[in-house]
Amino acid sequence: MKNNISHIIRGMVLALAVSTAMLVADEIPVAVAANFKAPAEIIAAEFEKSTGHRVLLSPGATGALATQVKHGAPFQVFLSADSSTPTKLVSESLAVEGSQFTYATGKLVLWSAQEGVVDGKGAVLAKESIQHLAVANPKTAPYGAAAIEALTKLNLLVKLQPKLVQGESIAQTHQFVSSGNAELGFVALSQVFKDGKMTSGSGWVVPQELYAPIRQDAVLLAAGKESAAARAWLDFLKGDVAGKIIVSYGYVK
Amino acid sequence: MPEESLVSLALTFRLAAVTTFVLLLAGVPLAWWLSQTRSRWRGVAGALVTLPVVLPPTVLGFYLLLLMGPHGPVGQFTRWMGLGLLPFTFAGLVVASVIQKLPFVVQPIQNAFEAMGRRPLEVAASLRASPLDAFFTVALPLARPGILTGAVLGFAHTVGEFGVVLMIGGNIPGVTRVAAVQIYNHVEAMEYAQAHLLAAVLLLLSFIAMQAVYFLNRNKVVVA
């Protein structure tokens, strides 16, 4: 009997401890552009280690995520793949003014899952033998818009238009190429780059003069205005730990 | 209505028509076999046919992308046949839609065949009709409401096709950008007016299709 009571007391102490810990450790729902999913996961793990707060990442196409925010999605932070969407959200009072900053600048890469397909100058684009060139939907995904811009500057858009296949987000575009269904495609360097080199296949990092810099901005959303944890997450994103991870994925900080 | 919406609607109906045609060609014999057989494979076959009802379209789309891709067995076969690869093509969408809509066509037809029982065929046989003759002159006419219901359901479901097409289509205007995907694109780009227009058309068509199903089955409990 005595034993039982001590069990109950121990159980109550444990429950109390857990619930107190939960009060301190918040959950932060974060909408993240598909191209930044992999580094965001690593950064979130580091953040959790040092603060105890949990980051819940929802990856998607920037346009799709913005639409969800407009219709009441409970995200507290938005890591966009561009700078115009966060600006727009601020102007519509859906995001907190003054909280917007560039957390990474993305790079576009022409990539194939096979070795030796893409040369160092992108000359493969002129080849007749290409059947499918994958790009992300330029209307909703900034990397898609950058790809179209680069093709336009290379005077190849008209010629390649019939060969274009569109992924709904940059993640799906990557899937079309990595499964081999499209021989090559424009993806985010972060998807195929790790620790200073291409992880597989062959690629051509598109020169910056061919497209406007893909400034990826973060912003605190209205739902996170009162959350200290959400602000801490944004500060962490600006810090050195996050910066190193971001650069290791092929972004410019 | 903007031209790209009209193009997507025309494509959607072409896909639904071709898919329904193939589904009837394959579905009627399959439903007949399932209704008549005493094979021990009947349960497995029935489960396989019904599987797409519960399978998320993304699962089907993902596996089709891998199977029909250059490293998949189907992809290697179609290449060997000189047909190229199926993802990002209209033919690929037809294949995917047929697989996914099979249960919606087979089940009503199978139910119709089973509901008529053995008696009509026994009578036909006693009147010296060959089994094939009996199938075409007795079984098929008796199962007509079931076949029409299957056709309408298959057509309507294909008109609303979204998930699988998104996974294997590649969003190509006039080739794989069907109406449901077009609506999704409009919503993502925040072009709500265009989205509304197309969505309303699909809503109306779906309602008409369901009315047709109820009309066809007005004398019995609908099992669909």
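Focus: helix H3 (residues 57-68) of chain B
Look at H3 of chain B: 16 Å from first C-alpha to last across 12 residues, which is about the 16 Å you get at 1.5 Å a residue. Among all positions of H3 of chain B, only Leu-60, Gly-61, Leu-64, Leu-65 and Met-68 of chain B are buried. Looking straight down H3 of chain B, one finds its buried side chains confined to an arc of 135°; they lie on one side. Residues of H3 of chain B that are buried make contact with helix H7 (170-178) of chain A together with helix H4 (73-80), helix H5 (90-116) and helix H9 (163-168) of chain B.

A few points about the confidence of the model for chain A
On average, chain A scores 90 in pLDDT, and the residues at 70 or more come to 91%. Across chain A, strand E3 (residues 77-79) of chain A holds the top mean pLDDT of 97, while helix H1 (residues 2-24) of chain A sits lowest at 57.

Thoughts on the domain arrangement of chain A
Put simply, an interface is often sized by how much accessible area is lost when its parts join up. All names here are of chain A. Taken domain by domain, chain A consists of domain 1 (2-105 + 215-248) and domain 2 (108-205). The centre of domain 1, based on its C-alpha atoms, is set 30 Å off from the matching centre of domain 2. Tallying the contact residues gives 10 residues for domain 1 and 13 residues for domain 2. Considering only the side of domain 1, the residues that lose the most area to domain 2 are Asn-35, Ala-61 and Ser-248, jointly responsible for 51% of the buried surface there. Our count for the domain 1 to domain 2 interface comes out at four residue pairs in polar contact (both at pLDDT 80 or more). Counting residues per element, the side of domain 1 that touches domain 2 draws most heavily on helix H3 (residues 62-70), which supplies three residues. A per-class count over the side of domain 1 that touches domain 2 returns four nonpolar, five polar and one charged.

Focus: the sheet that holds strand E2 (residues 54-60) of chain A
Residue and element names in this part refer to chain A. Strand order in the open sheet formed by five strands is E2-E1-E3-E12-E4, with mixed pairing between adjacent strands. The sheet is open, and its two borders are formed by E2 and strand E4 (101-106), each paired with just one other strand. Strand-to-strand twist in this sheet, taken as the mean axis angle between neighbours without regard to direction, amounts to 20°. Direction of pairing for E3 relative to strand E12 (residues 214-220): antiparallel, over a ladder of three bridges. By the bridge assignment, Val-77 is partnered in E12 with Leu-220. Against the sheet, helix H9 (residues 228-238) contacts strand E1 (27-33), E2, E3, E4 and E12, and its axis sits at roughly 155° relative to E12.

Topic: a nonpolar patch on the surface
Residue and element names in this part refer to chain B. A contiguous nonpolar surface patch, about 710 Å² in accessible area, is contributed by Trp-33, Trp-41, Val-44, Leu-48, Leu-51, Val-53 and Val-54. Relative to the elements of secondary structure, Leu-51 occurs in helix H2 (residues 42-54). Judged by its relative accessible area of 38%, Leu-51 is partly exposed.

Here we look at the interface of chain B and chain A
Counting residues at the interface gives 24 residues for chain B, matched by 23 residues for chain A. Carbon and sulfur atoms make up 54% of the surface buried where chain B meets chain A, a total of about 1800 Å² over both sides. Considering only the surface of chain B that becomes buried against chain A, Phe-88, Glu-188 and Met-190 of chain B emerge as the three largest contributors, covering 33% of it. Glu-191 of chain B is the partner of Lys-139 of chain A in a salt bridge, and the nearest nitrogen-oxygen pair spans 3.1 Å. Summed over the shared surface of chain B and chain A, the number is eight residue pairs in polar contact (both at pLDDT 80 or more). Going through the elements one at a time, H3, H9 and helix H10 (179-188) of chain B are the ones with two or more residues in the side of chain B that touches chain A. Residues of the side of chain B that touches chain A, tallied by class, amount to 15 nonpolar, five polar and four charged.

Looking at the packing of aromatic side chains
Taken as a whole and judged by the stated rule, the model has 13 aromatic pairs over all chains. Between Trp-32 of chain B and Phe-135 of chain B the ring centres are 4.9 Å apart and the planes differ by 65°, which places this aromatic pair in the edge-to-face class. Pair noted here: Trp-32 of chain B is in helix H1 (residues 3-36) and Phe-135 of chain B is in helix H7 (residues 131-142), with a separation of 103 residues, a long-range link. Residue class for Phe-135 of chain B comes out buried when judged on its relative accessible area of 13%. By way of ring pairs, the aromatic residues Trp-32, Phe-113, Phe-135 and Phe-136 of chain B are connected into one cluster. Across the ring face of Phe-101 of chain A, the terminal group of Lys-238 of chain A is positioned such that the distance to the ring centre comes to 4.6 Å.

Focus on the sheet that holds strand E5 (residues 108-112) of chain A
Residues and elements named next belong to chain A. Pairing within the open sheet is mixed, and its five strands lie in the order E7-E6-E8-E5-E11. In the strand order of this sheet, the two ends are held by strand E7 (164-167) and strand E11 (202-205), each with one partner. Strand-to-strand, the axes of this sheet are offset by a mean angle of 30°, without reference to chain direction. Across the face of the sheet, helix H5 (residues 142-153) comes into contact with E5, strand E6 (133-136), E7 and strand E8 (184-188) while running at roughly 85° to E5. Strands E5, E6, E7 and E8 of the sheet are contacted by H7, whose axis makes an angle of about 145° with E8.

Parameters and conventions
- Residues numbered from 1 in each chain as written.
- Chains lettered and ligands numbered in written order.
- Predicted model: local features only at pLDDT ≥ 70, side-chain atom pairs only at ≥ 80, totals over all residues.
- Heavy atoms only, no water.
- Helix = DSSP H or I, 4+ residues; strand = E, 2+ residues; numbered from the N terminus.
- Expected span 1.5 Å × (residues − 1).
- Buried < 20%, exposed > 50% of the residue type's maximum accessible area, 1.4 Å probe, protein only.
- Arc of directions from axis to C-beta.
- Contact = heavy atoms within 4.5 Å.
- pLDDT = per-residue confidence, 0-100.
- Domains from an automatic or database assignment.
- Buried area = accessible area lost by both parts, 1.4 Å probe.
- Polar contact = N/O pair within 3.5 Å; in protein donor to acceptor, adjacent residues only side chain to side chain.
- Nonpolar A, V, L, I, M, F, W, Y, C, P; charged D, E, K, R; others polar.
- Pairing = 2+ DSSP bridges.
- Axes fitted to C-alpha atoms, helices over the stretch in contact; angles between N-to-C directions.
- Patch = residues over 30% accessible without salt bridge, like charges linked within 9 Å, V, L, I, M, F, W, Y side chains within 5 Å.
- Areas by Shrake-Rupley, 256 points an atom, 1.4 Å probe, with all protein chains shown as cover.
- Salt bridge = Lys/Arg side-chain N within 4 Å of Asp/Glu carboxyl O.
- Phe/Tyr/Trp six-rings, centres within 6.5 Å; stacked < 30°, edge-to-face > 60°.
- Lys NZ or Arg CZ within 6 Å of the ring centre and 35° of its normal.

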